[in-house]
Amino acid sequence: MRLSVRGGRRPLPALLLGVVALLTGCGDDEPPATYSAEIRRTAMGVPHIKAADWGGIGYGYGYAQAQDVLCTIANAMLTYRGERARHFGASATIPFQSTIGQPNNLDSDFYHRHVLNDEVMQRLIAAQPERLKQLVAGYAAGYNRYVRELKAGGQPDAHAACRNEAWVAPLTDTDVFRRMYAAHFAAGYSNFLAMIANATPPAAAAPAGVSASARRARTAPVRLAVAQDRLPSFQVGGTDGVGSNMIGFGTAATGDGSPLLFGNPHWYWRGPDRFYQAQFTIPGELNVAGTSFLAVPVIQIGYTDQIAWSHTVSAARRYGLFQLTLAPGDPTSYMRDGASVKMTARPITVQVKQSDGSVTPVSRTLYESQYGPVVNLGAIHPALGWNTSTAFAIRDINAENFRVFRVWLRWSQATTLDEVARIQREEASIPWVNTVAVARGGSQAWYADIGAMPNVSPSQLTSCATPLTAALSNALPRTPVLDGSKSSCDWQSDPDSVQPGALGPSRMPGLLRDDYVLNSNDSYWLANTSAPLTGYPDILGPAGTASISFRSRLAHLLVHARLAGTDGYGGNKATSETVRAMVLNSRALTAELLKDQAIAMLCSPPASITVTTDALTGETFSPARTVDPTDACSALQAWNNKGAIASRGAHVWDEFWTRASRIPEASLFQVPFNSADPLGTPRDLNVAMAATLRQAFGAAILRVQASGFAMNATRGETLFAPRGTEKIPLFGGCGSQGYFTIACSPSRLDQGGYNLDTATSANSYLQVVRFPSEGVEAYTFLTFSQSDDPASPHYSDYTRAYSAGQWQRMPFSESEITKDPALSTVRISE
């Protein structure tokens, strides 16, 4: 085992000094190293990993991530191994948000043991390219090295929250692959975690033929009062939904020889699905920078010196449900084309910590059909639960999509935009996101929603419907819910399908433009307002039949104003400087369009409001509460319609519009959506809704009053990231309020303010990338900072820079890295 260090202008980290001391005396007569890497950290602690091979890259990355986010990774590995209840008990919930939400430990353990079972992991690993296997093995080795060093007493002040815990333990290659596979299901299985984990059969009834009443139930219309609050959000995360923005500008927009990419996922600030920034370099073979989830040793959003790409969550469905007609007398067998098919039983035992510290086994047997896991939908409606005649199974297209990480590996070595598009079509493996990409020497920008998607024909949606599937389809729009008793209802394959049951890439949308393409989580329809995309399968999302979000509208308006030269930034080209300013300007489109109308309706003149209900929380006030809106009206009138740090009164609009927007669109607006005017409609508040809007305004005032914040408090006072005893002021707002600059916290204003550390949808990793004649010019942010350890200098430095709007010019070339004033270097091998 070898380690050497070289510092730059900052002090050598204490960890490295401790490790050097531990390794003093190691001789030079050791056998050749299996893994070797050079970790060069520049400003904000970003590691640039350099190695001679793929295993070395993984080794350096595993070590670097463990240095920065050990506690989060170690805790998350308990999730993927299904071992949370052993250490934290059954009923406690996962302490951070991720693509599975925050389920209780017991449900999480059973789900992960079931879906990430050993058999499927063996198949997934066998299907991976050798380079990825080497990356993963190296990652586990690097992570494990750091754990050994820490457990031996290295850097005694680091990772105080977890360093002495028994669950901070070595990883296997399979652990890392299990974590990577779990990310496949963010748009499918993950939304049904508790329903899968609790899908156990009823007691078997006495064998009998299908009754007349059962036959009628399969043909008679069914009206279900579905529990709307139990339906999955299908937006990968919290109630506001995880989103993203990305814009690709062609050279007609940039005005020079280089296209430009802006990418900005709105993502988690804590937990294993948060991003981590790095660069990987194998001289002569690989040079890619960007970001990935924790414990995923592949750059998922990023750039090379030839291409740049980003992603946004797609509107396309990636899963479907099948109604199983159970065999008479056997609730674990189902009928298919008249024959009985036995479900696959998977007995699972989870160890559960008790209140006295002892550990007790808890067992369940979960089941799988040929479509996928059985899912108990009884929480949505009792008729959808697993009973003696009917059950449901869920199929996730990404369960058999073992190509997911292969596309990013191939992109990291691509050289042209044509190659990027070709790889995307060949693999058709992007799991649940859209793509925008640009490339050196190209004049165009590329948008695509090309990945793994179910292939269900319109005729199947009709011929394979039952009363229950029809009722469920109404509750879950664009989700294919089919009759599982007929093979004719199986998902289909196209001539160019890459996997069985998947759409072929020729039936998925893509667009090349020399002006711009963008996506802000609405469907593929308006990647460019001058070239609407239509004619694709319904499962991809609406195309001109539904309004786009206020955030998407603002995205297009920002681009249009930039190219028209009317946004005040000077000129009319999409330069790196102007784009960096434009995307952080914190405009709130709903306020720009509707605030004056709301003030005229609610504040002219201000009159006391009697509040009986809060539409946001469902709370009823008895007796009714009376509020004086004068201060709130004054704050809104003075507000500049932005969520900048110094803007006053933004939180009043936040609280009002969050409630007002719960009114159905058809009732809320005077002018309905018109596909011929997608950026201008819907518009104008409906005066007929004045009484309801007054209730929303009154409830918003009550929330602000309860918070203790003044009506004219600044955005930076109410929106922040806590770091130690300090609250770092931040800017932006929620996409539902029409912000493009996203900082959306699920924490309540009256519970201390909008704390972005709980965010499931906020600016996370940002990049603005272009290709000058030499090198690559990349400006970046990692808004929450690299480390989760309060003892680390990189726990808050990037967050402070983001608060100040100080984009980081990220070094990429060897000369840029070696000249970085903050450079420190560690060489490790074993």
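Residues numbered from 1 in each chain as written. Predicted model: local features only at pLDDT ≥ 70, side-chain atom pairs only at ≥ 80, totals over all residues. Heavy atoms only, no water.

Of regular secondary structure, the chain possesses 24 helices and 34 strands. Computed over C-alpha atoms, the radius of gyration of the chain comes to 27 Å, within 12% of the 28 Å expected from 2.2 N^0.38 for 830 residues, which places it in the range of a compact globule. By its C-alpha atoms, the chain is 80 × 70 × 60 Å across when sized along the principal axes. The buried share among the 830 residues of the chain stands at 60%. For the chain, contacts bridging at least 24 residues in sequence account for 70% of all contacts bridging at least 6. Element-wise, carbon and sulfur atoms account for 51% of the exposed surface of the chain, whose accessible area totals about 29000 Å². Looking at the chain, you have 69 positive and 68 negative side-chain charges, and the mean spots of the two groups are 2 Å apart. (Helix = DSSP H or I, 4+ residues; strand = E, 2+ residues; numbered from the N terminus. Rg over C-alpha atoms; globule rule 2.2 N^0.38 Å. Buried < 20%, exposed > 50% of the residue type's maximum accessible area, 1.4 Å probe, protein only. Contact = heavy atoms within 4.5 Å. Areas by Shrake-Rupley, 256 points an atom, 1.4 Å probe, with all protein chains shown as cover. Lys, Arg positive; Asp, Glu negative; His and termini not counted. Charge placed at Lys NZ, Arg CZ, Asp CG, Glu CD.)

Let us now look at empty space enclosed by the protein. Enumeration according to the criterion identifies seven cavities of 30 Å³ or more in this entry. In this structure, the largest cavity occupies an estimated 200 Å³ of space. Together, 19 residues line the largest cavity, and Phe293, Gln300, His311, Trp432 and Val433 are the ones closest to its centre. At the level of secondary structure, the elements contributing two or more residues to the lining of the largest cavity comprise strand E5 (260-267), strand E9 (307-313) and helix H11 (404-411). (1 Å grid on protein atoms, 1.4 Å probe; cavity = no way out; pocket = protein on both sides within 12 Å on 5 of 7 lines; lining within 4 Å. Points joined across faces, edges and corners; volume = space filled by probe spheres on them.)

The end-to-end C-alpha distance of helix H15 (residues 550-564) is 21 Å, a good match for the 21 Å that 15 residues give at a rise of 1.5 Å each. Among all positions in H15, only Phe550, Arg551, Ser552, Arg553, Leu554, Ala555, His556, Leu558, Val559, Ala561 and Arg562 are buried. With its phi angle positive at about 75 degrees, Gly565 sits one or two positions after the end of H15. (Expected span 1.5 Å × (residues − 1).)

Spatial ordering of the open sheet is given by E27-E26-E29, a layout of three strands whose pairing is mixed. Edge positions in the sheet fall to strand E27 (726-729) and strand E29 (754-755), since each has one partner strand and no second. Across two bridges, strand E26 (residues 719-723) lies against E29 in parallel orientation. Across the sheet, the residue bridging to Phe720 is Asn755, located in E29. (Pairing = 2+ DSSP bridges.)

Right, let's talk about the nonpolar core for a bit. With 239 residues, the main nonpolar core has Phe249, Tyr303, Leu377, Phe656, Trp657 and Phe697 as its most contacted residues. No other element matches helix H2 (residues 54-81), which puts 16 residues into this core. Not counting residues within four places of it along the chain, the set of residues in contact with Leu377 comprises Phe192, Met195, Leu321, Leu384, Gly385, Phe392 and Leu472. Within the second largest apolar cluster, 20 residues are counted, among which are Tyr334, Met343, Val374 and Ala452. (Core = buried A, V, L, I, M, F, W, Y, C linked by side-chain atoms within 4.5 Å.)

Its 18 residues place the ends of helix H21 (residues 690-707) 26 Å apart at the C-alpha level, agreeing with the 26 Å of an ideal helix rising 1.5 Å per residue. Regarding H21, the residues found buried are Leu693, Gln695, Ala696, Phe697, Gly698, Ala699, Ala700, Ile701, Leu702, Arg703, Val704 and Ser707. Among the residues trailing H21, Gly708 stands out with phi positive, at a value near 85 degrees.

What follows concerns the packing of helix H17 (residues 589-602) against helix H18 (residues 630-638). Here H17 crosses H18 at 155 degrees, and the two axes come no closer than 10 Å. With respect to each other, H17 and H18 are oriented roughly antiparallel. You can see that H17 and H18 cross each other, and the crossing is left-handed. Across the interface between the two elements, Lys595, Ile599 and Leu602 from H17 touch Cys633, Leu636 and Gln637 from H18. Looking at the contact of H17 with H18 residue by residue, the class counts come to four nonpolar, one polar and one charged. (Axes fitted to C-alpha atoms, helices over the stretch in contact; angles between N-to-C directions. Parallel < 35°, antiparallel > 145°, perpendicular 65-115°, else oblique. Left-handed = near helix turned anticlockwise from the far one by under 90°. Nonpolar A, V, L, I, M, F, W, Y, C, P; charged D, E, K, R; others polar.)

Let us now look at the confidence of the model for the chain. Averaged over all residues, the pLDDT of the chain is 93; the fraction at 70 or higher stands at 93%. For residues 8-27, every residue scores under 50 in pLDDT, and the model assigns this stretch 33 contacts once sequence neighbours within four places are set aside. Long-range and interchain partners of residues 210-217, a stretch whose pLDDT sits below 50, account for two contacts in this model, where long-range means more than four residues apart. (pLDDT = per-residue confidence, 0-100.)

Residue position: Pro201 is located in the loop between helix H8 (193-197) and helix H9 (212-217). Spatially, the C-alpha atom of Pro201 lies 57 Å from that of Ala646, the residues being 445 residues apart in sequence. Non-local contacts of Pro201, meaning those with residues more than four positions away in its chain, are made with Pro331, Thr332, Thr365, Tyr367 and Trp386.

Looking now at the state of the cysteines. Going through the model one piece at a time under the given rule, you end up with four disulfides. Here Cys71 pairs with Cys162 through a disulfide, and the sulfurs are 2.1 Å apart. Residues Cys71 and Cys162 are joined by a disulfide whose S-S torsion is about -90 degrees; by sign, that bridge is left-handed. Separated by 91 residues along the polypeptide, Cys71 in helix H2 and Cys162 in the loop between helix H6 (130-151) and helix H7 (173-182) bring together distant segments of the chain. Looking at Cys71, the relative accessible area reads 15%, which means it is buried. Cys162 sits in the buried class, given a relative accessible area of 1%. (Disulfide = S-S within 2.5 Å.)

Strand direction decides the pairing type here: strand E22 (residues 609-614) and strand E23 (residues 619-627), joined by five bridges, are antiparallel. Bridged to Thr610 within E23 is Thr626. Here E22 folds back onto E23 in antiparallel fashion, the turn holding four residues, of which Gly618 has a positive phi close to 80 degrees.

Taken as a whole and assessed by the stated rule, the structure comprises 37 aromatic pairs. When the centroid spacing of 5.7 Å and the interplanar angle of 90 degrees are considered together, the rings of Tyr367 and Trp386 count as edge-to-face. With Tyr367 in strand E14 (residues 359-368) and Trp386 in the loop between strand E15 (374-375) and strand E16 (390-396), the pair connects residues that are 19 residues apart, well separated along the chain. This pair shows no difference in class: Tyr367 is buried, exactly as Trp386 is. Pairwise contacts between aromatic rings join Phe550, Trp639, Trp653, Phe656, Trp657, Phe669 and Phe697 into one cluster. Seen from the ring of Tyr779, Arg580 lies directly overhead, with NZ or CZ sitting 3.6 Å from the centre. Sitting over the ring of Tyr795, Arg723 keeps its end group 5.2 Å from the ring centre. (Phe/Tyr/Trp six-rings, centres within 6.5 Å; stacked < 30°, edge-to-face > 60°. Lys NZ or Arg CZ within 6 Å of the ring centre and 35° of its normal.)

A few words now on the pairing of E16. When you tally the buried positions in E16, you get seven out of seven residues, the bulk of the element. Across the two faces of E16 the burial is the same, with Thr390, Phe392, Ile394 and Asp396 and Ala391, Ala393 and Arg395 all buried. Relative to E16, strand E10 (residues 319-327) runs antiparallel, the two sharing seven bridges. By the bridge assignment for E16, Phe322 is matched with Ala393.

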